[in-house]
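Here are the chains, one letter per residue:
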Amino acid sequence: MESSGQLNISSQCMRDAMKLIGGLKNVKPWAVRFIDASGKIMNGILVGSMSDFGAYDECVDTVATSDSRRDKGKEMFRGQYWWNGHKRRSKICPLFPLLSMRLGICVPSGCTLNDINQVAQMVGKSLSVNVEASRCEVKQENNYTPLIIIVMCIYSFAGLLLVIGSFIDIYSYFKGTTFKSTGVRVLLAFSIMSNFKKFSNTETSSETLSCLNGIRFLLHVMDCSGTHLFYC
């Protein structure tokens, strides 16, 4: 707290931080959730484990409420998810100079990105680590833009075609009938049964390039390895 006097932190952030500290002293459930939702020191750093994102949903769903008689139950602030995702060289991590220690922290919503960056840089300086917040997120009501509505309609229409095509395919299978209509055959192209049969078919012809299967496997292994290296 003494070092905070040297920082230009907003008054709202300071008030929320003091309320959070008070809640922790009194072991308030909402205050404990802030700590529980935050990432801790990673296990296995020396073997490449560089990330602990915490619990995003728990953080943004946490609401700090007042216990005073006048404002009992009133929302004071809510959880804000802070994530450090920039790549920085670290003096304490020479084995992984190109990777960053990604850490997710749950902070009060009254703190701005600038407030959090100041505190993070102050703490990082003492640890010889360059820390910078990538983003801060607070839970908000869903805002359906026209683009989102259009995409939802397209997916809903595709789902409807899938249901109709599957129903026609099942009807054709049990009745033993064959549809020659172009429209019906187009609907059958969306059938789950027909597509699953084609997907699970392992028969190959003489014109098949078998090496493509090996290339797909190698690409999949490289993708999984890269994801594990940078995000685990």
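Residues numbered from 1 in each chain as written. Predicted model: local features only at pLDDT ≥ 70, side-chain atom pairs only at ≥ 80, totals over all residues. Heavy atoms only, no water.

Per an unreviewed UniProt entry, the recorded name for the protein is Nose resistant to fluoxetine protein 6, and the organism is Caerostris extrusa.

Side note on the overall build of the protein
Going by this rule: Helix and strand assignments come from DSSP, with helices taken as H or I runs of at least 4 residues and strands as E runs of at least 2, each series counted from the N terminus. The buried label applies to any residue whose accessible area, calculated with a 1.4 Å probe on protein chains only, is under 20% of its type's maximum; exposed applies above 50%, and partly exposed to all values in between. Shrake-Rupley sampling with a 1.4 Å probe provides the accessible areas, and residues are treated as covered by the protein chains on show and by no other component.
For the protein, the helix and strand inventory stands at eight helices and five strands. Within the span of the protein, comprising 232 residues, buried residues form 26% of the whole. Accessible surface, the protein as shown: approximately 16600 Å² in total, 62% of it carbon and sulfur.

Observations concerning helix α2 (residues 29–36)
Selection rule: The arc in question is the one traced by the directions running from the helix axis out to the C-beta atoms.
Taken together, the buried positions of α2 are Trp 30, Ala 31 and Phe 34. Buried residues in α2, looked at end-on, bunch into an arc of 105°, giving them a common side.

Section: the nonpolar core
In plain terms, the rule: Each nonpolar core is a collection of buried residues, namely Ala, Val, Leu, Ile, Met, Phe, Trp, Tyr and Cys, held together in the definition by side-chain atoms within 4.5 Å. Contacts are residue-level and defined by heavy atoms, with any inter-residue pair within 4.5 Å sufficient.
Counting residues in each nonpolar core, the largest one holds 12 residues, listed as Leu 20, Trp 30, Ala 31, Phe 34, Ala 37, Cys 59, Val 60, Ala 64, Phe 77, Tyr 81, Trp 83 and Cys 106. Contact partners of Val 60, with chain neighbours within four places excluded, come to Arg 78, Gly 79, Tyr 81, Glu 137 and Lys 139.

Looking at the pattern of salt bridges
Just so we agree on the cut-off: Any carboxyl oxygen of Asp or Glu within 4 Å of a side-chain nitrogen of Lys or Arg constitutes a salt bridge here.
Tallied over the full model, the rule gives three salt bridges. Here Lys 28 ties to Asp 67 by a salt bridge, and the two come within 2.7 Å at their closest N and O atoms. Of this pair, Lys 28 sits in the loop between α1 (11–25) and α2 while Asp 67 is found in the loop between β2 (63–65) and β3 (75–84), placing the two residues 39 residues apart along the sequence.

Regarding the UniProt feature "transmembrane region" (unreviewed entry) in the protein
For clarity, the cut-off: UniProt positions are given in the numbering used here, feature names are shortened, and annotations may be inferred rather than shown by experiment.
The positions UniProt marks with the feature "transmembrane region" (unreviewed entry) are residues 144–171. This span, residues 144–171, is 93% helix and 0% strand, and a straight line between its end C-alpha atoms measures 38 Å.

Digging into the packing of helix α5 (residues 146–175) against helix α7 (residues 192–200)
Put simply, the rule is: Note on method: axes are straight lines fitted to C-alpha atoms, helices fitted across the in-contact stretch only, with angles between N-to-C directions ranging 0 to 180 degrees. Angles below 35 degrees are treated as roughly parallel, those above 145 as roughly antiparallel, those between 65 and 115 as roughly perpendicular, and all remaining angles as oblique. Side-chain classes are defined by residue name, with Ala, Val, Leu, Ile, Met, Phe, Trp, Tyr, Cys and Pro counting as nonpolar, Asp, Glu, Lys and Arg as charged, and the others, Gly among them, as polar.
Two elements in contact, α5 and α7, have axes separated by 7 Å at closest approach and are oriented at 85°. Comparing their axes, α7 and α5 come out roughly perpendicular. In this structure, α5 uses Leu 162, Ser 166, Asp 169 and Ile 170 to contact α7, whose residues at the interface are Ile 192, Met 193 and Ser 194. Per-class residue counts for the contact of α5 with α7 are four nonpolar, two polar and one charged.

Some details on the state of the cysteines
The test is simple: In what follows, a disulfide is any cysteine sulfur pair within 2.5 Å.
By the definition in use, this model includes two disulfides. Paired by a disulfide, Cys 13 and Cys 111 hold their sulfur atoms 2.0 Å apart. Taking the sign of the S-S torsion, about 80° here, the bridge from Cys 13 to Cys 111 comes out right-handed. Residue Cys 13 is found in helix α1, and its partner Cys 111 is found in the loop between β4 (102–108) and α4 (113–126); the two are separated by 98 residues along the sequence. As far as the burial class goes, Cys 13 and Cys 111 line up, both buried. The residue that forms a disulfide with Cys 59 is Cys 106, at a sulfur-sulfur distance of 2.3 Å.

What about the pairing of β3?
Heads up, the condition is: By the convention used here, strands pair only if DSSP detects at least 2 bridges between them.
Summarising burial for β3: eight of the 10 residues are buried, a large majority. As judged from the three bridges shared by β2 and β3, these two strands associate in the antiparallel manner. Each residue of the ladder has a partner; that of Val 63, found in β3, is Arg 78. As paired elements, β3 and β4 share six bridges and run antiparallel to each other. When the bridges of β4 are listed, Gly 79 appears paired with Pro 108.

Details of the confidence of the model for the protein
Threshold: Each residue carries a pLDDT score, the predictor's own confidence in it, on a scale running from 0 to 100.
Of all residues in the protein, 79% attain a pLDDT of 70 or more, and the chain-wide mean is 80. Note on residues 86–98: pLDDT is under 50 here. Beyond four places in sequence and across chains, it has 29 contacts.

Here's the deal with the packing of α1 against α2
Running from amino to carboxyl end, α1 crosses α2 at an angle of 105°, the nearest separation of the two axes being 8 Å. Between α1 and α2, the angle is such that the two are roughly perpendicular. Residue-level inspection shows Lys 19, Leu 20, Gly 23 and Leu 24 of α1 in contact with α2, the latter providing Trp 30, Ala 31, Val 32, Phe 34 and Ile 35. When grouped by side-chain class, the residues that make up the contact of α1 with α2 number seven nonpolar, one polar and one charged.

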